[in-house]
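Report on the structure
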Protein chains: 2
Amino acid sequence: MPPRSDPSCRKRPGLKIMKPLSVNSTRLLARLQELGSIGRDTNGRLTRLALSDADRQARDHLVAWIRAAGLEVAIDRIGNIFGIWGGNKYGSQQPVLLGSHIDTVMNAGIYDGCYGVLAGLEVIQTLREAGFVPERPIAVAAFTNEEGVRFAPDMMGSLVYAGGLELETALATRSTDGAVLGQELARIGYAGDHAVGFMRPHAYVELHIEQGPVLEHSGIPIGAVEDLQGISWQRIMIEGQANHAGTTPMALRRDAGYAAARIMTFVHDRAMASKLSGVATVGSVAFEPNAINVIPARATLTVDLRNPNETGLQEEENALAAFLSDLETSGDVKIHVEILARSRPVTFDARIIDLIEEATLKRGLTARRMTSGAGHDAQMIASMAPTAMIFVPSHKGISHNPAEFTSNEGLIAGANVLLDVTQHLADAS
Amino acid sequence: MPPRSDPSCRKRPGLKIMKPLSVNSTRLLARLQELGSIGRDTNGRLTRLALSDADRQARDHLVAWIRAAGLEVAIDRIGNIFGIWGGNKYGSQQPVLLGSHIDTVMNAGIYDGCYGVLAGLEVIQTLREAGFVPERPIAVAAFTNEEGVRFAPDMMGSLVYAGGLELETALATRSTDGAVLGQELARIGYAGDHAVGFMRPHAYVELHIEQGPVLEHSGIPIGAVEDLQGISWQRIMIEGQANHAGTTPMALRRDAGYAAARIMTFVHDRAMASKLSGVATVGSVAFEPNAINVIPARATLTVDLRNPNETGLQEEENALAAFLSDLETSGDVKIHVEILARSRPVTFDARIIDLIEEATLKRGLTARRMTSGAGHDAQMIASMAPTAMIFVPSHKGISHNPAEFTSNEGLIAGANVLLDVTQHLADAS
């Protein structure tokens, strides 16, 4: 039992590590592999879409592990699974919540989401086995339909849990294959009784693979995620005039393709030159008529702007709008803009971020404060509780792909940092 | 009968206009409309692909008009139709050759090609009716398959005639619908007996709509075409790396789409900044995977470079190659280039160009020396005889489209300049 009431510990500022605990890495890695074996097709490809039979099988495995670890299982009405450990009954005291999701994209890797859920369970199980007595409950969550492949929107379980989407609306959602979410939830046996949001967390910490190249590239094992980028998606359509590529002098052209290229280089060069962590991507483009010897009459492209700062994101949007306005005049083209998606940035809890950094240092490792460029359940839960994320390196930044990979050493380091942070959060007032 | 032996005329330098002749504009315009009515579908759209039934019907009309004008008809083995007028039998003396083509693209206008053939016939008929006695024969040609829509390559009849493509190869060509050219030629009754190239022209003059906006934009009615651009077509494929648009920092990207945009702006800006008449177009592009939130792994684009000067065209090709080489390094991408087509520029005959300018001035009009950005039969015949082209304005530069339009005034002005130039060439030694 750790000397959590030792006054000398209380006096130390910041993180208190009462005992050099470590997770059971063999158990954690074995569960990751076992969960990753569920939902394979005959070619060995992993696809475990939300509320599919494969998802049910994975949920059943998880619930069995939670029970075996001595935790109470609770399922809410959107199918989020909770494993709860605490001397005090939930509701009477707010728990430290860990978690992520176990649904996958098509042809997925085994780490995205599953790592956060299984590490959360592992942390609780390690603490429990070590005789640690937390001052508040500790729970692990597997949120429903984070990937959003079969049912939109993504991060649905955490969004409904945090009150950002009506339960009834979510349950009525139709999948790409015509199934209704509520019916699928009942079919697989995970339409739970608990009200969504029944347990307001004291804090939420999500451990996740980075899904980007920053940590590996910098040789740093732990990311202390301090914010999550806001996203601005726009579709830009440019109307020029089709004309003969040979007979139309340069000065008389209304070239929609050239205008598109100008936009592409503008957004890229501006993000590149910025000292901030915003990014800009043009991922898709189409020309019409798209013939080698015809000046494009029409070009359509998408712009994906992301920024951890709302003011910064708005600045980028405004700069693009001003550029498009100038381009309409200088390029003699008409430009139409359609907003496809817009989310505000999320700033995580400064105290938890500090705890992550301190825990990492105490483990003799280096942490890097960073921004999450991808969406996570943490961004939804952040609206109801102090939240932060811990990242571990993704090899080559690859994710949503069978080549998704984090070394065992990296996975264990992340779980141990989560262990320390959880212990502190569950113990502190 | 014009005073062509009048010594006072002989003394004047340059063009001699012996009599203020003018073409029969009513007849010319009526024939243009009549030819343009052949090959209409039930929606009224004009499509008269080479060696189709519609082409046969148009050829039959043309041959009837040639015979009615008192000219001898000759068909060669590639189906080129000639209408020949001359006191001296062809072969003994080289004719002044006028002409163009009467096949069309799909959903075409009525002027492209047909104008040059019918104006050539009109010029001969006018001269004959006026009692003009030329010193050498005058002939009009309708070359087979200029458009190249059904059978490749385009400008085939003139290319075979000038010896640039073997007759047997051309006859064996298969169409997009599987037909063999030689069989189609026999089927429609235009597999003639004359050897290709049987009549080497003294000079060749092709009157054509501009198919570009230069004349209309400058308010000048006649173009004296002094050269025809060389064409360089390349397909450029860029290999970068697909990555998450949110989680991949700008500095760690290998963005094939951005590299494509850099190429697009490079070729455009370079052509725009050049004082010369070269043009550059990126008409088609494709990204892979072409998703809004994925950095493009691959981008493919085409580059169409045209220049009236071979050295200039090579300079543009070299500048592009150097840019691509730098881009491979700076953008951390691999670039593959495929040459799709390459033709050298053609320089037309200076003396005929002078005649066109002088004839235009004598008609009280202005001529502009210019470059042809499109391919024409003239570029093939230029390899066997002194050649030049006369352009008339195309409204908005539109061609290969039902909206193709040149005013009657413009058409008549062009035909009268052709008349004067022909008269001079047929008369001079």
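Residues numbered from 1 in each chain as written. Chains lettered and ligands numbered in written order. Predicted model: local features only at pLDDT ≥ 70, side-chain atom pairs only at ≥ 80, totals over all residues. Heavy atoms only, no water.

Here we take up the overall build of chain A. The number of helices and strands found in chain A is 13 helices and 16 strands. In summary, chain A has a C-alpha radius of gyration of 24 Å against a globular reference of 22 Å for 429 residues, a match within 12%. Taking all 429 residues of chain A together, 59% fall into the buried category. The long-range fraction of contacts in chain A, counting pairs at least 24 apart against all pairs at least 6 apart in sequence, stands at 79%. When the accessible surface of chain A is split by element, carbon and sulfur atoms take 50% of a total near 15,900 Å². (Helix = DSSP H or I, 4+ residues; strand = E, 2+ residues; numbered from the N terminus. Rg over C-alpha atoms; globule rule 2.2 N^0.38 Å. Buried < 20%, exposed > 50% of the residue type's maximum accessible area, 1.4 Å probe, protein only. Contact = heavy atoms within 4.5 Å. Areas by Shrake-Rupley, 256 points an atom, 1.4 Å probe, with all protein chains shown as cover.)

Below, the discussion takes up the domain arrangement of chain A. Many structure descriptions define interface size as the accessible area lost when the parts assemble. Residue and element names in this part refer to chain A. Split into domains, chain A comes out as domain 1 (7-228 + 346-427) and domain 2 (230-343). On the side of domain 2, 4 residues touch domain 1, which itself brings 5 residues to the contact. For the pairing of domain 1 and domain 2, the buried interface totals around 330 Å² over both sides, and the portion due to carbon and sulfur atoms is 39%. Taken together, the connections running from domain 1 to domain 2 amount to 0 salt bridges. Counting across the interface, domain 1 meets domain 2 through 2 residue pairs in polar contact (both at pLDDT 80 or more). Along the lines of polarity and charge, the residues of the side of domain 1 that touches domain 2 split into 2 nonpolar, 2 polar and 1 charged. (Domains from an automatic or database assignment. Buried area = accessible area lost by both parts, 1.4 Å probe. Salt bridge = Lys/Arg side-chain N within 4 Å of Asp/Glu carboxyl O. Polar contact = N/O pair within 3.5 Å; in protein donor to acceptor, adjacent residues only side chain to side chain. Nonpolar A, V, L, I, M, F, W, Y, C, P; charged D, E, K, R; others polar.)

Related by rotation about an axis and a shift along that axis, the two copies of the chain form a pair. Rotating chain B by 180° and moving it 0.2 Å along the rotation axis overlays it on chain A with an RMSD of 0.2 Å. The transformation relating the two chain copies, once decomposed into turn and shift, fits a two-fold axis. When C-alpha distances to the rotation axis are compared across chain B, the minimum falls at Ala261(B), with a value of 2.3 Å. Counting the interface residues of chain B, we find that 100% of their copies in chain A are interface residues as well, pointing to one common contact surface. (Least-squares fit on C-alpha atoms with pLDDT ≥ 70 in both.)

In this section: helix H2 (residues 25-36) of chain B. Residue and element names in this part refer to chain B. Here H2 is 12 residues long and its end C-alpha atoms lie 16 Å apart, about the 16 Å a rise of 1.5 Å per residue gives. Of the positions making up H2, those classed as buried are Arg27, Leu28, Leu29, Arg31, Leu32, Leu35 and Gly36. Check the buried side of H2 and you find it contacts helix H3 (53-68), helix H4 (114-129) and helix H13 (408-427). (Expected span 1.5 Å × (residues − 1).)

Taken together, the contact pairs 55 residues of chain B with 55 residues of chain A. Considering only the surface of chain B that becomes buried against chain A, Met250(B), Tyr258(B) and Ile292(B) emerge as the three largest contributors, covering 17% of it. Along the contact surface separating chain B from chain A lie 10 residue pairs in polar contact (both at pLDDT 80 or more). Contributions of two or more residues to the side of chain B that touches chain A are made by helix H8 (214-218), strand E8 (243-244), helix H9 (256-273), strand E9 (279-281), strand E10 (285-288), strand E11 (294-295) and strand E12 (298-307) of chain B. Ranked by residue count, the leading element in the side of chain B that touches chain A is H9(B), at 10 residues. Class assignment for the residues of the side of chain B that touches chain A results in 25 nonpolar, 22 polar and 8 charged.

This part takes up the packing of aromatic side chains. As enumerated under the stated definition, the model contains 16 aromatic pairs over all chains in all. Ring centres 6.2 Å apart and planes at 85° place the aromatic pair Tyr161(B) and Phe198(B) in the edge-to-face group. Placement of Tyr161(B) in helix H5 (residues 156-161) and of Phe198(B) in the loop between helix H7 (181-187) and strand E5 (203-209) is noted, with a sequence separation of 37 residues between them. Connected via pairs of aromatic rings, a cluster forms that spans Phe82(A), Phe143(A), Tyr161(A), Phe198(A) and Tyr204(A). The positively charged end of Arg59(A) is found above the aromatic ring belonging to Tyr190(A), 5.0 Å away from the centroid. (Phe/Tyr/Trp six-rings, centres within 6.5 Å; stacked < 30°, edge-to-face > 60°. Lys NZ or Arg CZ within 6 Å of the ring centre and 35° of its normal.)

Once that is clear, we can look at the pairing of strand E7 (residues 230-239) of chain A. Residues and elements named next belong to chain A. Burial analysis of E7 places 8 of its 10 residues in the buried class, the great majority of the element. Summarising the sheet, E7 and strand E12 (residues 298-307) pair through 10 bridges and their orientation is antiparallel. In the strand pairing of E12, tryptophan 233 is matched with aspartate 304. Pairing of E7 with strand E13 (residues 334-343) involves 9 bridges; the strand directions are antiparallel. (Pairing = 2+ DSSP bridges.)

It is worth spelling out the environment of Ser218(A) at this point. All names here are of chain A. Inspection of the secondary structure assignment puts serine 218 in helix H8 (residues 214-218). Residue class for serine 218 comes out partly exposed when judged on its relative accessible area of 30%. A polar contact of 2.8 Å, which involves the side chain of serine 218, links it to the backbone oxygen of valine 214.

With that out of the way, let us pick up the UniProt feature "binding site: Zn(2+) 2" (unreviewed entry) in chain A. Residues and elements named next belong to chain A. In the numbering adopted here, UniProt assigns the feature "binding site: Zn(2+) 2" (unreviewed entry) to Asp112, Glu147 and His400. Across 289 residues in sequence, these annotated residues keep their C-alpha atoms within 9.9 Å of one another, forming a single compact spot. Ignoring any residue separated from it by four or fewer positions in sequence, one finds glutamate 147 in contact with His101, Asp103, Thr104, Val105, Asp112, Asp154 and His400. Mapped onto the elements of the fold, histidine 400 is located in the loop between strand E16 (387-392) and helix H13 (408-427). By relative accessible area, which is 35% here, histidine 400 ends up partly exposed. Residues in contact with histidine 400, not counting those within four places in the same chain, are Val105, Asn107, Asp112, Glu147 and Gln211. Of the polar contacts made by the side chain of histidine 400, one reaches the side chain of aspartate 112; its length is 3.0 Å. (UniProt positions renumbered as here; feature names shortened; annotations may be inferred.)

Residues and elements named next belong to chain A. Under the definition given, this model contains 45 salt bridges over all chains. Residues arginine 187 and aspartate 53 are paired through a salt bridge, measuring 2.7 Å at the closest nitrogen-oxygen approach. Taken together, the residues arginine 187 in helix H7 (residues 181-187) and aspartate 53 in helix H3 (residues 53-68) connect sequence positions 134 residues apart. For arginine 187, a relative accessible area of 39% corresponds to the partly exposed category.

As a further point, take the packing of helix H2 (residues 25-36) of chain A against H3(A). Residues and elements named next belong to chain A. In the contact formed by H2 and H3, the axes pass within 10 Å of each other and the chain directions differ by 155°. Taken as axis vectors, H2 and H3 run roughly antiparallel relative to one another. Two packed elements cross with a definite hand, and for H2 against H3 that hand is right-handed. Counting all contacts with H2, which are made through Arg31, Glu34 and Leu35, the residues of H3 involved are Ala58, His61 and Trp65. (Axes fitted to C-alpha atoms, helices over the stretch in contact; angles between N-to-C directions. Parallel < 35°, antiparallel > 145°, perpendicular 65-115°, else oblique. Left-handed = near helix turned anticlockwise from the far one by under 90°.)

Time to look at the environment of His208(B). All names here are of chain B. Mapped onto the fold, histidine 208 is located in strand E5. You can call histidine 208 buried: its relative accessible area is 1%. Spatially, the C-alpha atoms of histidine 208 and glycine 414 are 8.5 Å apart, while their sequence positions differ by 206 residues. With residues near it in sequence (within four places) discarded, histidine 208 still touches Ser100, His101, Asp112, Gly113, Tyr115, His376, Met389, Ile390, Phe391 and Val392.

To continue, consider helix H4 (residues 114-129) of chain A. Residues and elements named next belong to chain A. Its 16 residues place the ends of H4 22 Å apart at the C-alpha level, agreeing with the 22 Å of an ideal helix rising 1.5 Å per residue. Buried residues dominate H4, accounting for 14 of its 16 residues. Directly after H4, the chain includes glycine 131, whose backbone phi takes a positive value near 85°.

Here the focus is the packing of H2(B) against H13(B). Residue and element names in this part refer to chain B. Running from N to C, H2 and H13 cross one another at 115°; their axes reach a closest spacing of 11 Å. One finds that H2 runs roughly perpendicular with respect to H13. The crossing of H2 and H13 is right-handed. From H2, Ser25, Leu28, Leu29 and Leu32 reach across to H13, where they touch Asn408, Leu411, Ile412 and Ala415. Across the contact of H2 with H13, the residue classes break down as 6 nonpolar, 2 polar and no charged.

Our next topic: unusual backbone geometry. Following Ala152(A), the chain continues to Pro153(A) via a peptide bond in cis, the omega torsion being 0°. Assignment of secondary structure puts Pro153(A) in the loop between strand E4 (138-143) and helix H5 (156-161). We note that Met155(A) has phi near 55°; this positive angle belongs to a residue other than glycine. Mapping Met155(A) onto the fold places it in the loop between E4 and H5. Met155(A) gets classed as buried once you look at its relative accessible area, which sits at 7%. Phi at Asn290(B) is positive, roughly 65°, even though this residue is not glycine. Mapping Asn290(B) onto the fold places it in the loop between E10 and E11.

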